[in-house]
Amino acid sequence: MHERLSDEELVLKARNDKTAVSELIARYMCTVEVLAKKLSPALCDDLMQEGLMGLLRAIKSFSADRGVSFSSYAAVCMKNRMLNSLRKNNISQAAEISDEELEEYAESSQESIPEDIVIEKERMSELYKKISSALSEQEWQVFQLFLTGMSYNQIALNSGLSVKAVDNAMQRVRRKLKSLLR
């Protein structure tokens, strides 16, 4: 149903349509995996989790008015999220990825074989269902606000929770996402 839509059209639909989000995740899962493996093969699973969070944030914050394609924007968001995670954990063995390589990964994710696309879509749809069913309503709400770029303080003000409750919810979200990605 969404296969014929451009990434930019899907992003607009994704704000109200979970299947559009699943389609975008399916389109970019290979990019997430390639970037994670390239940055640090030993930490691939953790980096894939961070990359998916970067992708979801890109979906929430993308604006076509900026004059950049969604694929370029998403690739940068995913890479930055992964690099920030590595820096935060004082891991310096990450490989460098040039902007040209990053663009190549983002574009190559669009050139998959049709059978691979169908299989990946089914896998991502299943993953999205698992994520939404694994998270409590509060965790889902906090996670969605986090993906829009809000700080823990902003999320607390917006949701009526304490900052500590927001932090606890995000820790649970991370644990659950990590277990789902293994």
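Since the model is a prediction, treat every value here as computed from it, not as a measurement. (Residues numbered from 1 in each chain as written. Predicted model: local features only at pLDDT ≥ 70, side-chain atom pairs only at ≥ 80, totals over all residues. Heavy atoms only, no water.)

(A) Just the overall build of the chain, in detail. A count of helices and strands for the chain gives 9 helices and 0 strands. Counting helices and strands in the order they occur from the N terminus, the chain gives α-α-α-α-α-α-α-α-α. Residue burial in the chain is summarised as follows: out of 182 residues, 43% are buried. Within the chain, contacts between residues at least 6 apart in sequence are counted, and of these 65% link residues at least 24 apart. Roughly 9,800 Å² of accessible area belongs to the chain as shown, and the carbon and sulfur atoms make up 51% of that amount. (Helix = DSSP H or I, 4+ residues; strand = E, 2+ residues; numbered from the N terminus. Buried < 20%, exposed > 50% of the residue type's maximum accessible area, 1.4 Å probe, protein only. Contact = heavy atoms within 4.5 Å. Areas by Shrake-Rupley, 256 points an atom, 1.4 Å probe, with all protein chains shown as cover.)

(B) Representation of helix 4 (residues 70-88) within the structure. Between its first and last C-alpha atoms helix 4 spans 26 Å; for 19 residues at 1.5 Å apiece the expected length is 27 Å, and the two agree. Taking burial as the measure, the 19 residues of helix 4 include 14 buried ones, the bulk of the element. (Expected span 1.5 Å × (residues − 1).)

(C) Region of interest: the environment of Tyr128. As for its position among the elements, Tyr128 is in helix 6 (residues 114-134). Sequence separation between Tyr128 and Lys18 is 110 residues, and the spatial gap between their C-alpha atoms is 8.5 Å. Those residues in contact with Tyr128 that sit more than four places away from it in its chain are Lys18, Val21, Ser22, Ile25 and Trp140.

(D) Structural view of helix 2 (residues 18-39). Relative to the 32 Å expected for 22 residues at 1.5 Å per residue, helix 2 spans 29 Å between its end C-alpha atoms, a close match to the ideal helical length. Tyr28 marks where helix 2 bends most, by close to 45 degrees. (Bend = angle between axes of the 7 residues up to and from the residue.)

(E) Structural detail: the nonpolar core. Counting residues in each nonpolar core, the largest one holds 48 residues, and the members touching the most others are Leu24, Leu55, Ile59, Phe70, Met78 and Phe143. Of all elements in the fold, only helix 1 (7-14), helix 2, helix 3 (44-61), helix 4, helix 6, helix 7 (137-147), helix 8 (152-159) and helix 9 (163-181) reach the threshold of two or more residues within this core. Apart from the residues lying within four places of it in its own chain, the contact partners of Met78 are Tyr28, Thr31, Val32, Leu35, Gly51, Gly54 and Leu55. (Core = buried A, V, L, I, M, F, W, Y, C linked by side-chain atoms within 4.5 Å.)

(F) Quick peek at the layout of surface pockets. When its volume is computed, the largest pocket comes out at roughly 410 Å³. Lining the largest pocket are 15 residues, with Glu50, Ser85, Lys88, Asn89 and Arg174 positioned closest to its centre. Residue assignment for the lining of the largest pocket shows that the elements contributing at least two residues are helix 3, helix 4 and helix 9. Looking at the lining of the largest pocket, the element that brings in the most residues is helix 4, giving 5 residues. (1 Å grid on protein atoms, 1.4 Å probe; cavity = no way out; pocket = protein on both sides within 12 Å on 5 of 7 lines; lining within 4 Å. Points joined across faces, edges and corners; volume = space filled by probe spheres on them.)

(G) Representation of the environment of Asp167 within the structure. Relative to the elements of secondary structure, Asp167 occurs in helix 9. For Asp167, a relative accessible area of 24% translates into the label partly exposed.

(H) Region of interest: the packing of helix 7 against helix 8. One way to put it is that helix 7 packs onto helix 8 with a least axis distance of 10 Å and a crossing angle of 130 degrees. By the angle class used here, helix 7 and helix 8 are oblique. The hand of the helix 7/helix 8 crossing is right-handed. Here Gln141, Val142, Leu145 and Phe146 of helix 7 come into contact with helix 8, specifically with Tyr152, Ile155, Asn158 and Ser159. (Axes fitted to C-alpha atoms, helices over the stretch in contact; angles between N-to-C directions. Parallel < 35°, antiparallel > 145°, perpendicular 65-115°, else oblique. Left-handed = near helix turned anticlockwise from the far one by under 90°.)

(I) Expanded view of the side chain of Arg81. By secondary structure assignment, the location of Arg81 is in helix 4. Given the relative accessible area of 12%, Arg81 is considered buried. Residues in contact with Arg81, not counting those within four places in the same chain, are Glu50, Met53, Gly54, Arg57, Phe146 and Arg174.

(J) Main features of the packing of aromatic side chains. In the structure shown here, the tally under the stated rule is 5 aromatic pairs. Summarising the aromatic geometry, the rings of Phe62 and Phe70 are spaced 5.3 Å apart at their centres and angled 90 degrees between planes, so their arrangement reads as edge-to-face. Phe70 matches Phe62 in its accessibility class, with the two residues each being buried. Residues Phe62 and Tyr73 carry aromatic rings whose centres are separated by 5.6 Å and whose planes lie at 55 degrees to one another, so their mutual orientation is tilted. Of this pair, Phe62 sits in the loop between helix 3 and helix 4 while Tyr73 sits in helix 4, and the two are 11 residues apart along the sequence. Pairwise contacts between aromatic rings join Tyr28, Phe62, Phe70 and Tyr73 into one cluster. Cation over ring: Arg57 sits above Phe146, and NZ or CZ is 4.8 Å from the ring centre. (Phe/Tyr/Trp six-rings, centres within 6.5 Å; stacked < 30°, edge-to-face > 60°. Lys NZ or Arg CZ within 6 Å of the ring centre and 35° of its normal.)

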